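Read off the chains here:
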Amino acid sequence: MRRHPLKSIVAVHIREHASMYLFVIVLFLMGVIFGSIVVNSLNFSQKQDLYYYLTQFFGQVSKGNLASAQDMFQQSYFHNLKYIGLMWVLGISIIGLPIILILLFLKGIVVGFTVGFLVNQMGWQGFLLSFVSVMPQNLIIIPAFIVMGVISVSFSLQMVRNQFMKRTHEPIFPMIMRYTMAMLVISVSLFVSSSLEAYVSPFFMKQIIQLIGN
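First, a word on what this report is: a plain description of the structure on this page. (Residues numbered from 1 in each chain as written. Predicted model: local features only at pLDDT ≥ 70, side-chain atom pairs only at ≥ 80, totals over all residues. Heavy atoms only, no water.)

Thoughts on the overall build of the chain
Broken down by element type, the chain carries eight helices and zero strands. Listing the helices and strands of the chain from first to last along the sequence gives α-α-α-α-α-α-α-α. With 214 residues in all, the chain has 37% of them scored as buried. Sequence separation of 24 or more characterises 80% of the internal contacts of the chain that already satisfy a separation of 6 or more. Counting only carbon and sulfur atoms, one obtains 71% of the accessible surface of the chain, whose full area is about 12900 Å². (Helix = DSSP H or I, 4+ residues; strand = E, 2+ residues; numbered from the N terminus. Buried < 20%, exposed > 50% of the residue type's maximum accessible area, 1.4 Å probe, protein only. Contact = heavy atoms within 4.5 Å. Areas by Shrake-Rupley, 256 points an atom, 1.4 Å probe, with all protein chains shown as cover.)

Structural notes on the packing of aromatic side chains
Using the criterion set out here, one finds eleven aromatic pairs in the structure. Geometrically, the ring pair formed by Y77 and F191 is edge-to-face, given 5.8 Å between the ring centres and 80° between the ring planes. Of this pair, Y77 sits in helix α4 (residues 69-93) while F191 sits in helix α8 (residues 172-213), and the two are 114 residues apart along the sequence. Pairing F203 with F204 gives two aromatic rings, centres 5.4 Å apart and planes at 70°, and the pair type is edge-to-face. With a relative accessible area of 40%, F204 lands in the partly exposed category. Through a chain of ring-to-ring contacts, three or more aromatic side chains come together here, namely F73, Y77, F78 and F191. (Phe/Tyr/Trp six-rings, centres within 6.5 Å; stacked < 30°, edge-to-face > 60°.)

Quick look at the environment of V200
With respect to the helices, strands and loops of the structure, V200 is situated in helix α8. The exposure class of V200 is partly exposed, given its relative accessible area of 28%. For the pair formed by V200 and S133, sequence separation is 67 residues and the distance between their alpha carbons is 9.0 Å.

Some points on the side chain of K107
By the secondary structure assignment, K107 is in helix α5 (residues 97-122). The buried charged residue K107 lacks any salt bridge, with E197 as its nearest oppositely charged partner at 7.5 Å. (Lys, Arg positive; Asp, Glu negative; His and termini not counted. Salt bridge = Lys/Arg side-chain N within 4 Å of Asp/Glu carboxyl O.)

Looking at the nonpolar core
Nonpolar side chains tend to gather and get buried jointly when the protein is soluble and globular. One finds I84, M87, F145, M148 and L190 to be the most contacted residues of the largest nonpolar core, which totals 35 residues. Looking at this core, the elements with two or more residues in it are α2 (18-41), α4, α5, α7 (135-164) and α8. With eleven residues, α7 is the single largest residue contributor to this core. Counting ten residues, the second-largest nonpolar core is a separate cluster that includes V39, F117, M122 and I208. (Core = buried A, V, L, I, M, F, W, Y, C linked by side-chain atoms within 4.5 Å.)

Details of a nonpolar patch on the surface
Taken together, V119, F127, F131, M135 and L139 make up a surface patch of nonpolar side chains, about 470 Å² in accessible area. At the level of elements, α6 (124-133) and α7 are the ones that each hand at least two residues to the nonpolar patch. When its relative accessible area of 48% is taken as the criterion, F127 is described as partly exposed. (Patch = residues over 30% accessible without salt bridge, like charges linked within 9 Å, V, L, I, M, F, W, Y side chains within 5 Å.)

Regarding the packing of α5 against α6
Viewed as axis vectors pointing N to C, α5 and α6 meet at an angle of 150°, and their least axial separation amounts to 6 Å. Relative to α6, the element α5 is oriented roughly antiparallel. As α5 packs across α6, the resulting crossing turns out to be right-handed. Listed contacts from α6 to V115, L118, V119 and M122 of α5 are W124, Q125, G126, F127, L129, S130 and S133. In terms of residue class, the contact of α5 with α6 is made up of seven nonpolar, four polar and no charged. (Axes fitted to C-alpha atoms, helices over the stretch in contact; angles between N-to-C directions. Parallel < 35°, antiparallel > 145°, perpendicular 65-115°, else oblique. Left-handed = near helix turned anticlockwise from the far one by under 90°. Nonpolar A, V, L, I, M, F, W, Y, C, P; charged D, E, K, R; others polar.)

Notes on the side chain of S156
Structurally, S156 can be placed in helix α7. Exposure remark for S156: the relative accessible area of 0% places this residue in the buried category.

Dropping the structure here:
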């Protein structure tokens, strides 16, 4: 039985970059842990201020006074698109390699801080809220960023080898085309994640907030 060519390409890619994926995933998880530690380092006044803004936001959600789903979708999609676009540029620039890793670490910090703060302030109710508000879109966004990070780092290292190791020289244009195609495929997955964030998460958030309020 013939294997699907796309599955073969993905399998080969993961096998060839397994160690890099492991490194990037560990780096991201370190960011998540660091983000949750930052929550505990906040003083009482800072936590109270953040919690006040959070309750104001939840009040808006429960009343349905949020921006339109279309506006939320556009804001989310273009924000994430700029993030992977920056990774793409940093990969081509070669010297941007460490910044790609920093971006992934920062993404981990944001996720860790958001979930950590909700759980810290609201217990199991905060866990429920984080599950419906943070989890759905991040189930796609996080893998997309990790894959883009690995591809960008790999491309950057390949460019370095091309510049300094004559025996491994490869035409640059086909490399850039493959690299760009990978970014375009990832941008399609971000379309799905932004749709979840704009159209699905607010609905579930509203249900959970009303459930908690009762």
